[in-house]
Amino acid sequence: MSQSAPRSLHDLGYAGIERELAADGVKRHHAKALHRSLYREGNLDLSRPDFLPPLRQWIERRVGGEKGFTLDAPEVVDETRSSDGLTRKYLLRLQDGQTIETVLMGYDNRLTACISSQAGCAMGCVFCATGQMGFVRHLRPGEIVAQVLHVQRVIRADMPDRRLRNLVFMGMGEPLHNYNSVMHALDIISDCRGVGIGPAFISVSTVGVVPAILRMAEEGLPYNLAVSLHGSSEGERSALIPVSKKWPLADLVEACRSYGATTGRRIFFGWTLIAGKNDSPETAHRLVDLLKGIDSHINLIPLNPTAGFDGTTAQTAAALEFQRIIKEAGIPCTFRQRRGIDVAAGCGQLKANRLHKTA
Ligand code: SAH
Ligand code: SF4
C-alpha cells in the first residue's frame, strides 16, 4: 500500500478509477459502479450494498483515513439566499481549512452553478473582492468537481424536478492560471456517464491569460470562452487589471481573434461598468473598433461594491448609451442580470464579508 499522503477519489475520472482498481488487482469493469456512484449519484458514503464484493473490499481497504484515498466533501460554513430563494451562495470549507465560494443561480428557467478555481486570486483586479484578498492556492480537480456535486445535491434535495444545466467559472480565482486542474475537472464534469454537463453549457471566464487562451484553441477544447475585458485602451484596462501589463490588451485581442478563427466559436466579453473609468461613449466606440472581425457578444456587468475599491457602477443613462453604441455596430450586447446582489453574489464577497465580520 502506498505510504504517500491520501489522494482524493474525486481527482479521478473514469480512466483514473479503472487504473487505480487495476493497480490493486481489481477488475476494471468495477469502475462503472464506483464512477456512477461518485458522479451520477453524488454519493459521499461509499458503503453501498449494491456494490459487488471485490469493489466493496477495495473501498474498505483503500478509502478513508490513511488508506490511500479520501473524498472531497467540503463543509458548508455559510449560506445566503436571495430574497426570491433562487440564488444561493455557499461558503465551503476545504480539507485544509481554506474557504471558497460556490453559487447556485436560478434564472431564465435554468439552473447555473458558478464555481471557484482557486482559493484567492493572484491577478489583483482592483474592483474584485477575491483580487483584494490575494492568492492562496490552486484548487485540485476534485475540489472543483466537488462544488458541482454540492450544487447538484442541493437541487436534488430542494428542487427535485429541476436539474443543473449550466456551469460557469466565475467564482473565486483565475481558471486559466490553474489550467491543468480546471481542464481535468471539466473532463470529469462533462463525462455523460457521470455529472454529464455538456461542454456547450460550460463557460470558462478569464481575465486574459493569453498563452492559455491559445492553448485552449490548440487543444480543441469544446468549452465556451468568456474574456473579462473592462477596458478598450491599454491605460484604461491596466488601471483596473494589473496583469494587463503582462498580457497587454493588443496581445489579448490577437489571441481572441486567433481563438475565434481556430474554433469558429463566439467569444463572450465581460465588461464591468465603472463610472468614470470605462463607461464613456469614446470607450464604447474604441471597443467596437477593437473587436472588429471577432464573433463577439458583450456582457455588461454592474459593479458590485467591495470594501477595497471606492468606484461606483455606471449611471443608468451612461450604461444604456454604452450598450446602444455597441449594438448599433452590430455586436450583441446584454446586461448580466443582477440576480443575487442582495446575497453579495459578487466574486469573493461572501468570504470578504465573513472576514470583516470576524475581524
Ligand atoms: N478570474 C476570472 C473569473 C472569475 S471573476 C475573470 O476575471 O474572468 C468573474 C467575473 O466577475 C469577471 O468578469 C470579473 O471581472 C467580475 N467581477 C469581479 N469583481 C466584480 C465586482 N466587484 N463587480 C462586478 N463584477 C465583478
Ligand atoms: Fe482574479 Fe477574476 Fe477577480 Fe481579477 S476578477 S482578481 S482575475 S477573480
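Shown above is the structure to which this text applies.
Right, let's walk through the structure included here. (Residues numbered from 1 in each chain as written. Chains lettered and ligands numbered in written order. Predicted model: local features only at pLDDT ≥ 70, side-chain atom pairs only at ≥ 80, totals over all residues. Heavy atoms only, no water.)

### Some details on the overall build of the protein
Phase 1 of the analysis: Per the secondary structure count, the protein includes 12 helices and 14 strands.
Phase 2 of the analysis: Taken against the 2.2 N^0.38 rule, which gives 21 Å for 359 residues, the C-alpha radius of gyration of the protein at 21 Å falls within 12% of a compact globule.
Phase 3 of the analysis: Projected onto its principal axes, the C-alpha coordinates of the protein cover approximately 70 × 45 × 40 Å.
Phase 4 of the analysis: Residue burial in the protein is summarised as follows: out of 359 residues, 54% are buried.
Phase 5 of the analysis: Contacts in the protein between residues at least 24 apart in sequence constitute 68% of all its contacts with a sequence separation of at least 6.
Phase 6 of the analysis: Carbon and sulfur atoms provide 52% of the accessible area of the protein, an area that totals close to 15,600 Å².
Phase 7 of the analysis: Across the protein, the 43 positively charged side chains and the 37 negatively charged ones have centroids separated by 4 Å. (Helix = DSSP H or I, 4+ residues; strand = E, 2+ residues; numbered from the N terminus. Rg over C-alpha atoms; globule rule 2.2 N^0.38 Å. Buried < 20%, exposed > 50% of the residue type's maximum accessible area, 1.4 Å probe, protein only. Contact = heavy atoms within 4.5 Å. Areas by Shrake-Rupley, 256 points an atom, 1.4 Å probe, with all protein chains shown as cover. Lys, Arg positive; Asp, Glu negative; His and termini not counted. Charge placed at Lys NZ, Arg CZ, Asp CG, Glu CD.)

### Structural notes on the sheet that holds strand β12 (residues 267-273)
Phase 1 of the analysis: Taken in spatial order, the 10 strands of this open sheet run β3-β4-β5-β6-β9-β10-β11-β12-β13-β14, and their pairing is mixed. Edge positions in the open sheet fall to β3 (75-81) and β14 (333-335), since each of these has one partner strand only. Averaged over all pairs of adjacent strands, the angle between strand axes in this sheet comes to 20°, irrespective of strand direction.
Phase 2 of the analysis: Alignment of β12 against strand β13 (residues 296-302), held across 7 bridges, turns out to be parallel. Bridging across to β13, Phe 268 finds its partner in His 297.
Phase 3 of the analysis: Of the strands in this sheet, β3, β4 (88-93), β5 (99-107), β6 (110-114) and β9 (164-169) touch helix α5 (residues 141-158), which is tilted by about 45° from β5. (Pairing = 2+ DSSP bridges. Axes fitted to C-alpha atoms, helices over the stretch in contact; angles between N-to-C directions.)

### Section: the nonpolar core
Phase 1 of the analysis: Counting 99 residues, the largest nonpolar core has Leu 186, Ile 189 and Ile 298 as the members making the most contacts within it.
Phase 2 of the analysis: Non-local contacts of Ile 189, meaning those with residues more than four positions away in its chain, are made with Ile 144, Val 145, Val 148, Leu 167, Val 195, Gly 196, Ile 197 and Ile 202.
Phase 3 of the analysis: Ranked by size, the runner-up nonpolar core spans 5 residues in total, among them Val 103, Met 105, Cys 114 and Val 168. (Core = buried A, V, L, I, M, F, W, Y, C linked by side-chain atoms within 4.5 Å.)

### Here's the deal with the environment of Glu 174
Phase 1 of the analysis: Relative to the helices and strands, Glu 174 is located in the loop between β9 and α6 (179-190).
Phase 2 of the analysis: The exposure class of Glu 174 is buried, given its relative accessible area of 4%.
Phase 3 of the analysis: Spatially, the C-alpha atom of Glu 174 lies 8.3 Å from that of Ser 116, the residues being 58 residues apart in sequence.
Phase 4 of the analysis: Ignoring anything within four residues of it in the chain, the contact list for Glu 174 reads Ser 117, Gln 118, Cys 121, Met 123, Ser 205, Thr 206, Val 207 and Val 209.
Phase 5 of the analysis: One polar contact links Glu 174 to Thr 206, side chain to side chain, over a distance of 2.7 Å.
Phase 6 of the analysis: Among the polar contacts made by the side chain of Glu 174, one reaches the main-chain amide nitrogen of Val 207 at a distance of 2.8 Å. (Polar contact = N/O pair within 3.5 Å; in protein donor to acceptor, adjacent residues only side chain to side chain.)

### Topic: the site of ligand 1
Phase 1 of the analysis: Near ligand 1 you find 20 residues, and of these Gly 173, Ser 205, Ser 228, His 230 and Asn 304 are the closest.
Phase 2 of the analysis: In this structure, a nitrogen atom belonging to ligand 1 sits 3.0 Å away from a main-chain N or O atom of Phe 127.
Phase 3 of the analysis: A distance of 3.0 Å separates a nitrogen atom of ligand 1 from a polar backbone atom of Gly 173.
Phase 4 of the analysis: Notes on ligand 1: free accessible area 530 Å², of which the protein chains cover 94%.
Phase 5 of the analysis: Of all the elements in the fold, those that place two or more residues in the shell around ligand 1 are β10 (202-206) and β13. (Near = heavy atom within 4 Å.)

### Brief notes about the packing of α5 against α6
For any two helices packed against each other, one specifies the inter-axial angle together with the distance between the axes.
Phase 1 of the analysis: At their nearest, the axes of α5 and α6 sit 8 Å apart, and the two run at 45° to each other. On the basis of the axis angle, α5 is oblique to α6. The handedness of the crossing between α5 and α6 is right-handed. Taken together, the residues of α6 that come into contact with α5 (itself represented by Pro 141, Ile 144, Val 145 and Val 148) are Ser 181, Val 182, His 184, Ala 185, Ile 188 and Ile 189.
Phase 2 of the analysis: When its residues are assigned to classes, the contact of α5 with α6 shows 8 nonpolar, 2 polar and no charged. (Parallel < 35°, antiparallel > 145°, perpendicular 65-115°, else oblique. Left-handed = near helix turned anticlockwise from the far one by under 90°. Nonpolar A, V, L, I, M, F, W, Y, C, P; charged D, E, K, R; others polar.)

### Observations regarding empty space enclosed by the protein
Phase 1 of the analysis: Enumeration according to the criterion identifies 1 cavity of 30 Å³ or more in this entry.
Phase 2 of the analysis: As a volume, the largest cavity reaches approximately 50 Å³.
Phase 3 of the analysis: As for the largest cavity, its lining consists of Asp 72, Ala 73, Pro 74, Arg 93, Leu 94, Gln 95, Glu 143 and Ala 146.
Phase 4 of the analysis: The residue inventory of the lining of the largest cavity, partitioned by class, reads 4 nonpolar, 1 polar and 3 charged. (1 Å grid on protein atoms, 1.4 Å probe; cavity = no way out; pocket = protein on both sides within 12 Å on 5 of 7 lines; lining within 4 Å. Points joined across faces, edges and corners; volume = space filled by probe spheres on them.)

### What to know about the layout of surface pockets
Phase 1 of the analysis: Roughly 260 Å³ of volume is contained in the second largest pocket.
Phase 2 of the analysis: What lines the second largest pocket is a set of 14 residues, and nearest its centre among them are Gln 152, Arg 156, Arg 162, Arg 163 and Leu 164.
Phase 3 of the analysis: Counting residues per element, the ones that place at least two in the lining of the second largest pocket are α2 (31-40) and α5.
Phase 4 of the analysis: Of the residues forming the lining of the second largest pocket, the biggest block, 3 residues, is contributed by α5.
Phase 5 of the analysis: Within the lining of the second largest pocket, the residues separate by chemical class into 7 nonpolar, 3 polar and 4 charged.

### Looking at the pattern of salt bridges
Phase 1 of the analysis: Going through the model one piece at a time under the given rule, you end up with 22 salt bridges.
Phase 2 of the analysis: Salt-bridge contacts for Asp 158 lead to Arg 88; the nearest nitrogen and oxygen are separated by 2.7 Å. Here Asp 158, found in helix α5, pairs with Arg 88, found in strand β4; they are 70 residues apart in sequence, far enough to count as distant.
Phase 3 of the analysis: For Arg 88, a relative accessible area of 7% corresponds to the buried category.
Phase 4 of the analysis: Arg 215 serves as the salt-bridge partner of Glu 219, at 2.8 Å between the closest nitrogen and oxygen.
Phase 5 of the analysis: Linked by salt bridges that have partners in common, Asp 11, Asp 72, Asp 96, Arg 137, Arg 140 and Glu 143 make up one network. (Salt bridge = Lys/Arg side-chain N within 4 Å of Asp/Glu carboxyl O.)

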